[in-house]
Structures are given as C-alpha cells and as structure tokens.
Amino acid sequence: MQNVVIVGSGCAGNTAAIYTARANLSPLVVSGHEAGGQLSMTTLVENFPGFPEGIDGPVLVENMKKQARHFGAEYRDGAVLAAELGRRPFRLNVEGEWIETRTVIIASGATARWLGLESEHKLIGHGVSSCATCDGFFYRGKKIMVIGGGDSAMEEANFLTRFGREVTLVHRRGEFRASKIMLDRAQRNPKIKFLTNTVVEDLYDPSQHLLTGARLRNTVSGAVWDQEVDGFFVAIGHVPNTKVFRGQIDTDPDGYILSKGGARTNIAGVFHAGDVEDRVYRQAITASAAGCMAAIAAERYLEAEGL
Ligand code: NAP
C-alpha cells in the first residue's frame, strides 16, 4: 500500500516527489510514456530561477529526480493504464500491475500537438519548438515562423516579434479560430506577415541537425515554395494526458482537469499538478510550484484522515 502515487515525472511530478519524500511519505512516481515531461524535449532553459547561465532541460529534470530519490522517492518506468478512483484505497494499474494507494497526484502533463512531419520531429530543439516563452529568446534578429490559427498562435506570434526580425504566421485555412481581440492584435502588428490557406510540407535540414527552411504549399493555388526560416514554432494546441481518468475526474471538454481550488480535484485524496490542469501558463516553474502545492495538500489530507 502506497501513501502517494505521483503520475508523471515532469517538473510537477518531480517537485511533488521531492516534497512528499521529505515529508517521509515514500512516494512512488510512475514516470509515464514521456518520462521527464516536456523539459526533456527542450535544450537550454534560461528562465528557471537559480541558474544564471541557464541549464539544459533534460539535466534540470534529471537533477530534480536525483533530489527526490535522495529523500526516498521511488521511480517506476511505464505508464498508468487504468485507474479505479471510486474506491478506497485507490487502485492504479501500472503496466499490468495493480497498485493500491491512499492518495494520487496527477501530474501527467499535456502533450504539445505537432504537425507530424518526420523532419519536424528530428529538428525539435534545433530550431523547432512548441513554446515561444521557452525558446523565443534564441531567435533574436532571426526569421521566425509560427504555425496555427488559434489564440496560442496569435499570442506566440505577437510575443516572438520582440525577438525576431520578422514573424510569419502560417495557417491552414482562410478563417481563424482565434478570438477577435487576439487576431486584431496580431494583424495590427507590423512585424507579423500572414500566410493563410498554407500548409507546411517539409522542413530543412535534418541532416545538418539545424532548421534552415520550410517547404510550403498554398492549398488554393497549389503553389509550392521554399522559405528560409530559423525558428519554427508549432502552436496548434495541446492534449492533456487525462485519458485514463476520464469519467472519474472532472475535466473540461478538452480534457483538462477542473480544479476544485488549490490542488484539489472532485475526488478527495486525488490532486492535480501542472499542465494537466493549467492551460494558461505551462512553465517549468509554475508546474513545479503546482507540484509543491499538490504534495502539501496530499500530506495534509493524509494527516486529517488519520492515514
Ligand atoms: P486551438 O484553439 O485548438 O487552435 C489550434 C489551431 O491550430 C487551429 O487554428 C487549428 O486549425 C490549427 N491546427 C490544428 N491542427 C493542425 C494541423 N495538424 N496542422 C495545421 N494546423 C492545425 O488551440 P490553442 O490556440 O492552443 O488554444 C487552446 C485554448 O486555449 C483555446 O480555448 C484558446 O482560446 C485558449 N487560449 C487563450 C489565450 C488567451 O486568451 N490569452 C491564449 C492561448 C490559448 P483550424 O482552425 O483549421 O482547426
């Protein structure tokens, strides 16, 4: 029987592990399919306080893990495949094995949607990114492309004009999904060029491990052309990793956990931390802070319940 099972090993999960381990709760962390979370896919992290020279994303997350292990956290590879949260103790199926636990911290994150091109996958961290706040700074004076037609794409395009020489927003349709106010703001920004009815067919040049350009196609005229680009930001939405909890944990229509205040979910003893609930900030530091909150909430819950 576990005191705390933490689902996910990104910033939120690892911070929850550090706090619950230091509270002597011997947490078990189920690493998940994307062990280390989104940080493990980035390169340099320059905005996590305490690292004036910046720190590599994978190193930061590995350090957090080491810190949690140091205090007695245990890590298990694999993912939670099923959950029974309507009974006490709770039961989680980890790669076929059922584990019983008094509390659960869901820190399973959200996965950025990608276009799905092989070249895109190969160039993540080498010019291709899904986070303008994280990586925009690296593209000072460079040519930037943003993909998407929703609020995220508008927001990222606007933000990236602080750094880039020019920002081209590429959207697959003629109409935008973004709210009027966000679209207006982007359209009024003289540094943003719009390419509508345009799709990305390929990215160059995975063999150099560096983004150098994109092949684009106009879906109306059929015209195909290459365009130079240094930074390519995909802003086509995120998918929260809550599938195994659906029907038990309250979520919004997109699957993000609905918070009941603090780190609480609709089930007492089950807490949320990080991007699985937060669709707004999505930063390493905010996910870590949420992990801390969930850990303290779990600790207090166990104490109050006399467990
Ligand atoms: P979204 O609203 O779902 O928009 C995703 C965009 O990506 C759509 O324009 C979509 O095109 C495009 N897209 C999806 N798959 C694609 C593909 N395979 N290839 C090319 N384009 C693709 O996602 P979001 O912009 O991340 O916003 C998510 C939610 O957060 C929304 O509710 C939004 O309002 C909110 N948000 C709010 C703010 C704010 O208020 N400050 C900022 C960011 C996000 P189609 O239009 O053709 O489907």
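Note that the structure is predicted; figures quoted are calculated from it, not measured. Within any chain, residue numbers begin from 1 and follow the written order of that chain's sequence. For a predicted model such as this one, the threshold for reporting local features is a pLDDT of at least 70, and the threshold for listing and counting side-chain atom pairs is 80 or more; totals across whole chains, interfaces and linings nevertheless cover every residue. Note that the side-chain values use all heavy atoms of the structure and ignore hydrogens as well as water.

Help me understand the nonpolar core in this model?
A general trend in soluble globular proteins is that nonpolar side chains are found buried together. The biggest cluster of nonpolar side chains holds 33 residues, and the ones touching the most others in it are Ile-6, Ala-17, Leu-39, Leu-60, Ile-105, Phe-271 and Ala-273. When residues of this core are assigned to their parent elements, the largest contribution, eight residues, is made by helix H7 (residues 284-304). In this analysis, two residues are considered to be in contact whenever any of their non-hydrogen atoms come within 4.5 Å of each other. If sequence neighbours within four positions are ignored, Ala-17 has contacts with Ile-6, Pro-27, Val-29, Ala-68, Ala-73 and Tyr-75. Definition used in this section: a nonpolar core is a set of buried Ala, Val, Leu, Ile, Met, Phe, Trp, Tyr and Cys residues joined via side-chain atoms within 4.5 Å. Relative accessibility thresholds used throughout: buried, under 20% of the residue-type maximum; exposed, over 50%; partly exposed, between the two (1.4 Å probe, protein chains only). Counting from the N terminus, the helices are DSSP H or I runs at least four residues long and the strands are E runs at least two residues long.

I keep staring at the sheet that holds strand S11 (residues 143-147) and nothing clicks. Help me out?
Backbone-to-backbone hydrogen bonds join strands into a sheet, with any given pair of strands oriented parallel or antiparallel. The parallel open sheet is built from five strands, whose spatial order is S10-S17-S11-S12-S13. Across the chains shown, the open sheet's two edge strands, defined by having one partner strand only, are strand S10 (128-129) and strand S13 (192-195). Here, strands pair whenever DSSP counts at least two bridges between them. Across five bridges, the pairing between S11 and strand S12 (residues 166-170) is parallel. When the bridges of S12 are listed, Ile-144 appears paired with Val-167. On the sheet, helix H5 (residues 151-160) packs against S11, S12, S13 and strand S17 (231-234) and is oriented at approximately 170 degrees with respect to S11. In this analysis, axes come from line fits to C-alpha atoms, helices being fitted only over the stretch in contact, and the angle between any two N-to-C directions falls in the range 0 to 180 degrees.

Honestly, the side chain of Asp-252 in this entry has me stumped. Any pointers?
Here Asp-252 lies in the loop between strand S18 (238-240) and strand S19 (270-272). Those residues in contact with Asp-252 that sit more than four places away from it in its chain are Leu-258 and Arg-279.

Sorry if this is basic, but what is going on with the site of the ligand here?
Nearness of a residue to a molecule or strand requires only that one of the residue's heavy atoms be within 4 Å of it. Close to the ligand lie 14 residues, the nearest being Asp-151, Ser-152, Arg-172, Arg-173 and Arg-177. One nitrogen or oxygen atom from the main chain of Gly-150 is found 3.3 Å from an oxygen atom belonging to the ligand. Per-residue and other accessible areas were derived by the Shrake-Rupley procedure at a 1.4 Å probe size, with only the shown protein chains allowed to occlude residues. Considered on its own, the ligand offers 920 Å² of accessible surface; in the complex 70% of this is hidden by protein. The element that contributes the greatest number of residues to the shell around the ligand is H5, accounting for three residues. Any residue outside Ala, Val, Leu, Ile, Met, Phe, Trp, Tyr, Cys, Pro, Asp, Glu, Lys and Arg is labelled polar, Gly included; the first ten of those are nonpolar and the last four are charged. Looking at the shell around the ligand residue by residue, the class counts come to three nonpolar, five polar and six charged. Between N or O atoms, a polar contact is any pair within 3.5 Å; within protein, one atom must be a potential hydrogen donor and the other a potential acceptor, and residues adjacent in sequence are included only when both atoms are from side chains.

Can you help me understand the environment of Pro-190 in this one?
Considering the arrangement of structural elements, one finds Pro-190 in the loop between helix H6 (180-188) and S13. Classification of Pro-190 by relative accessible area gives exposed; the value is 79%. For the pair Pro-190 and Thr-161, spaced 29 residues apart in the sequence, the C-alpha separation amounts to 9.2 Å.

I would appreciate a short explanation of the state of the cysteines in the present structure.
By definition, a disulfide links two cysteine residues through a covalent bond between their sulfur atoms. Any two cysteine sulfur atoms within 2.5 Å of one another count as a disulfide. According to the stated counting rule, one finds one disulfide in the structure shown. With no disulfide partner, Cys-11 has as its closest neighbouring cysteine sulfur the one in Cys-134, 10.0 Å distant. When its relative accessible area of 7% is taken as the criterion, Cys-11 is described as buried. We note that Cys-292 lacks a disulfide partner, and the nearest cysteine sulfur, in Cys-11, lies 13 Å from it. For Cys-292, a relative accessible area of 17% corresponds to the buried category.

Just checking my understanding: could you explain empty space enclosed by the protein for this structure?
A probe as big as a water molecule, rolled over the atoms, marks out the empty space that is left. A 1.4 Å probe that fits but cannot get out identifies a cavity on a 1 Å grid over protein atoms alone, an open set with protein on both sides within 12 Å along at least five of seven lines counts as a pocket, and a residue lines either if it has an atom within 4 Å of a point. Grid points are joined across faces, edges and corners, and a volume is the space filled by probe spheres set on the points. Here the structure, examined in full by the defined rule, presents one cavity of 30 Å³ or more. Of the volumes computed, that of the largest cavity is approximately 30 Å³. Considering the residues around the largest cavity, the lining is formed by Lys-143, Ile-144, Met-145, Glu-166, Thr-168, Gln-227, Glu-228 and Val-229. Secondary structure elements with two or more residues in the lining of the largest cavity: S11, S12 and strand S16 (224-228). Ranked by residue count, the leading element in the lining of the largest cavity is S11, at three residues. Split by residue class, the lining of the largest cavity holds three nonpolar, two polar and three charged.

Sorry if this is basic, but what is going on with the packing of aromatic side chains here?
The geometry of an aromatic ring pair comes down to the distance between the two centres and the angle between the two planes. Stacked, tilted and edge-to-face pairs are distinguished by plane angle, under 30 degrees for stacked and over 60 for edge-to-face with tilted covering the rest, among Phe, Tyr and Trp rings (Trp via its six-membered ring) whose centres lie within 6.5 Å. Per the stated rule, a full pass over the model turns up six aromatic pairs. When the centroid spacing of 6.2 Å and the interplanar angle of 80 degrees are considered together, the rings of Phe-137 and Phe-163 count as edge-to-face. Note that Phe-137 is positioned in the loop between helix H4 (132-135) and S11 and Phe-163 in the loop between H5 and S12, a separation of 26 residues in sequence. Grouping aromatic residues by their ring pairs yields a cluster made of Phe-137, Phe-159 and Phe-163.

These figures come from the coordinates and say nothing about function on their own.
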